[in-house]
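# Report on the structure
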Amino acid sequence: MPDVVYNLLFLFTDGVIWGILIALISLGLSLIFGIMGIINMAHGDLYMIGAVLTVVVTGWFGIFLPALIIVPIIVGVLAIPLERWVLRPFEGKPLITMVATIGLSFIIQQCVLMAFGGTPKIVPYPIHGNINLFGISYPRYRLFAAAVGLLLIGLLWFALHRTDFGIYIRATMENPEMADSIGINTNFIRAGTFGLGAGLAAAGGVLAAPINQVFFLMGTDVILLSFIVVIVGGLGSLQGALIAALILSGVEGLLSAALDPVQVKAAIMFLMALILVFRPRGLFG
Amino acid sequence: MMGTFPFHKKEGQRARHGLFGLVSGSVFRWNPWTLGILGVLIIAGFFVPVGFKSLLMIMFIYSIFAMAYDVLLGYANQPSLGQSLFFGIGAYSIVLPVLRLGASFWDALVLAIAAGTIAAVLVGLLAVRVTEAYHVILTAIIASVVYLLAKNMTPLTGGSGGLPIDMPPVALGPLKFSVYDPATCYFILLAFAFIVYLVLEHLVHSPLGRVWVAIRENEVRTSFLRYNVFYYKLAAFVLAGVLTALSGALYAVRLRYSSAEFFAFNWSVLPFVWGILGGFGTLIGPTAGVALFTLFQFYVSAWWTHYLILFGCLIIVMLRWAPKGIVGYINERKTQHTKPDQERHVFRKGAFKHLDLMGAGPIRSHNGIAGSEKIVAERKHNSGVPGREQQPILETFDIVVKFGGMTALDGVNLRVLTGELRAIIGPNGAGKTTLFNTITGAVKPSSGRVLLRGKNITDFQPHEICRGGVARTFQIPNIFSELSVKENVWLGVNSKAKVPWSPIARAGQLSTISYEVERLCEMMGLIDKIHATAGSLSHGDQRLLEIAVALSLDPDILLLDEPTQGVDPREVENMNKVVRGIAERKTVLVIDHNMATVLDIAQTITVLDHGRIIAEGVPSDIIADKRVQEVYLGISRD
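Thresholds, definitions, all that
- Going along each chain's sequence as written, the residues are numbered from 1 onward.
- Here chains are named by letter from A upward and ligands by number from 1 upward, in the order in which they appear as written.
- pLDDT decides what is reported in this predicted model: residues at 70 or higher carry local features, side-chain atom pairs at 80 or more are listed and counted, and totals for whole chains, interfaces and linings draw on all residues regardless.
- Contacts are defined on C-beta atoms placed from the backbone: any two residues whose C-beta positions lie within 7 Å are in contact.
- Counting from the N terminus, the helices are DSSP H or I runs at least four residues long and the strands are E runs at least two residues long.
- Note on residue categories: nonpolar means Ala, Val, Leu, Ile, Met, Phe, Trp, Tyr, Cys or Pro, charged means Asp, Glu, Lys or Arg, and polar means any other residue, Gly included.
- Note: domain ranges come from an automatic or database domain assignment.
- Only strands joined by at least two bridges in the DSSP assignment are considered to pair.
- Simply put, an axis is a line fit to the C-alpha atoms, just over the touching stretch for a helix, and the angle between two N-to-C directions goes from 0 to 180 degrees.
- Buried, partly exposed and exposed are defined by the number of other C-beta atoms within 10 Å of a residue's own C-beta, namely 20 or more, between the two limits, and 12 or fewer respectively, with C-beta atoms placed from the backbone.

This part is about the interface of chain A and chain B. The interface is formed by 34 residues belonging to chain A together with 32 residues belonging to chain B. For the side of chain A that touches chain B, the secondary-structure elements that each account for two or more residues are α4 (94-116), α9 (218-233) and α11 (261-278) of chain A. When residues in the side of chain A that touches chain B are grouped by element, the largest group, 14 residues, is from α4(A). Broken down by class, the residue content of the side of chain A that touches chain B amounts to 30 nonpolar, 3 polar and 1 charged.

Pasting the structure below:
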């Protein structure tokens, strides 16, 4: 196979796999916005906590797998009181929630900095070796991460469309007053959805921990990216977020063959800005 | 007597601004608080130790940034999250010319302001059209692109490390001073900040500033008052961009370097935080927010490295218990004491007691010609004005409107004659309001044409159609509920002015405008409540206010969407009088559900059902029409 094609395929695959993780994180963001009108600027920090806790939990058990199950649950459960006692009064006022969660983001980052220090940590690949995929050699773990990511997205879809809880969530998203008046406990739905969204971000963090460096500011890179994905996909549209994440990171992967990383980022953002200018409600909004 | 009748155009009474349509009234209003703070700051300049002085200087620079953002978000309601772009551009456009071209301080400052203007116009043309959360993200993305590029273009920008600069001495008239001499620099920066404050303080009270507030309160309504909302928002965006560039330039000079980090996201978040701490929409609020933030950052960070934890808590606590910031909190406490008085003032006196001024007397026939002498006199006086000839003023041809799969209007042909009082009736979902929305440009039809005086207006924007003489009211009273009655009406009257966006005049001070505003309020029986907040009025009064706002545009055609809906039954007859009075001078289209009212006031009736006209004619014909009885009155054919 010619080197150019090989390279492009590799970068594209890498991009798409990162896109699946971004999609996972963005879906949480989109859910939280859709249900509560919270523009959650601390979402990237929930992802960061997921990654940091992975370091801790992997340290306890000596293996990676338990972290994948425990960490999202811990973060999800811890997020529920956050929504109930800190963010509830601001819900439905997106701009206010944005500032409040920026405050929250400062608090989380500094607490993590105090507890874990500022030096980036590296989680070794829990699954070693490369796999041969359409003629390209690719790290097994990244494929595993993508598969788990897809599985979680599939579960989320199933939960939203095939379970009672999912119907309640979608009803509350659509019309909270009406949902209230037909006996759905929307307070419970809000808390549950916030926990679910936070759990998704944390799951993204766990899966990304062996791929990226783990440190207290790692969420800031992800938050803007997830926002772009959510907005370009169309606010509140879960399919839109998924498709936008995949397109974005696929194109990003391909572009990185020709440009240096910063230029790639700039080009991607320019593309996103153009999409917003010409489709002001996003691709699927 | 003539003066009480606003429908009557008299050239001498047209709103007209003073010199060249720009200057009028006193330019600045001095506030004792402002003067006091200025005095304290001037005296402080002589006594305060150098360390604290440099802190104050940073505050002056920040407050320009903060006030600029307040105009953008607090007044013009655009939540931009990309102001770092202009801050960085300001910084580089003063540093680069001095460094590379040897430009003087003032030349470079002018360049910085020019660069800020150009950048703000370019970004604004893209970003202003996009609203709400999309605006937030779009501006954030644009700023991030520039940040990434600036970081990458090290030869030009010096990257994150930045470009150091040593500003040569600055000439100010015959004087020469160094920008690094704290004593001089302090006063120069204080002067910059204070001048920006004075200019903005005046600006937000000018007609331009009031229109920003109107857009903030109710953008849709503003566009139906002939204002081209886009340009007003763009003006605020550009102004904010320019001032942000100015503060970026001053900041770079003060810190002796400019870095790609000036484009970083945190510089976009900061003005937001300042505004939240101090209170948006007050100008002085964000400045107080700057002071609080800077002191906090300086003192607490020296004491504890993780001070951001406390800062985060402070933000959340402020949002929870003082969401309008420090200044908003103080204002609220102050008005709490005066509120009972205001309410007494607002207390309803006999509504419609000025209705006689309308000259609406008893009705002679269903043709609804009221017989007051006053009106007769007006009409005689006005006989030269074309108005009663039977010309079509408004026509629609085969209007089809589809929402998704639903057809709201299905080939509607309407022909309204000049001076007609036409009622449009039909069951719920018949397409009545959609028809109004199509005529006024709020909804674009899938096919068909709307003609106004024979001119095709189908593709016109709402404000353009409004300028063509079509005013409307809404099914649910659509007013600026946070503004006073007077301000509501003023917005309409001002939109007719030669320069409705005047940044120099002081809003509401022009005698012709004030006169017209009061006349309209008096006519609608709202004169007693002229200072009350529109939202505090009764439902019936809100409807009257909305009609007053529509009339203030001096339209030829008035579209009233269910003016009696939700109005106290006792007030309905008065509302009908108002409608009849208006119909004396204007072409009126009225949607109403109340059959008795419609038969009473309308000259002609159009009946819509399922998006089609099923009957049209004088009331007696409509009553007799079998299909109308079937569809609308619920009488079965059997």
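Still to come is the rest of the account.
Right, let's talk about the domain arrangement of chain B for a bit. Residues and elements named next belong to chain B. With domains assigned, chain B is organised as domain 1 (35-336) and domain 2 (373-390 + 470-631). On a C-alpha basis, the centroid separation for the pair domain 1 and domain 2 is 44 Å. When residues in the side of domain 1 that touches domain 2 are grouped by element, the largest group, 7 residues, is from helix α8 (residues 207-217). Of the residues belonging to the side of domain 1 that touches domain 2, the class tally is 9 nonpolar, 4 polar and 4 charged.

Time to look at the sheet that holds strand β8 (residues 447-452) of chain B. Residue and element names in this part refer to chain B. Spatially, the 4 strands line up as an open sheet ordered β6-β5-β8-β9, and their pairing is antiparallel. Each edge of the sheet is formed by a strand with only one pairing partner; in this case those strands are β6 (406-417) and β9 (455-456). Relative to β9, β8 is paired through 2 bridges, and the arrangement is antiparallel. What sits directly across from Leu 452, in β9, is Lys 455. Its contacts with the sheet place helix α16 (residues 432-439) against β5 (392-403), β6 and β8, and it is angled at close to 65 degrees to β6.

Residue and element names in this part refer to chain B. With respect to the secondary-structure elements, Lys 324 resides in the loop between α13 (307-321) and α14 (325-346). Along the chain, Lys 324 and Asp 554 lie 230 residues apart, while their C-alpha atoms are 37 Å from each other. Not counting the four nearest positions on each side in its chain, Lys 324 is found in contact with Gly 279, Tyr 329 and Glu 332.

Right, let's talk about unusual backbone geometry for a bit. Residue and element names in this part refer to chain B. The backbone phi angle of Asp 398 is positive, close to 50 degrees, even though this residue is not glycine. If you trace the backbone, Asp 398 turns up in strand β5. The partly exposed category is assigned to Asp 398, around which 13 C-beta atoms lie within 10 Å.

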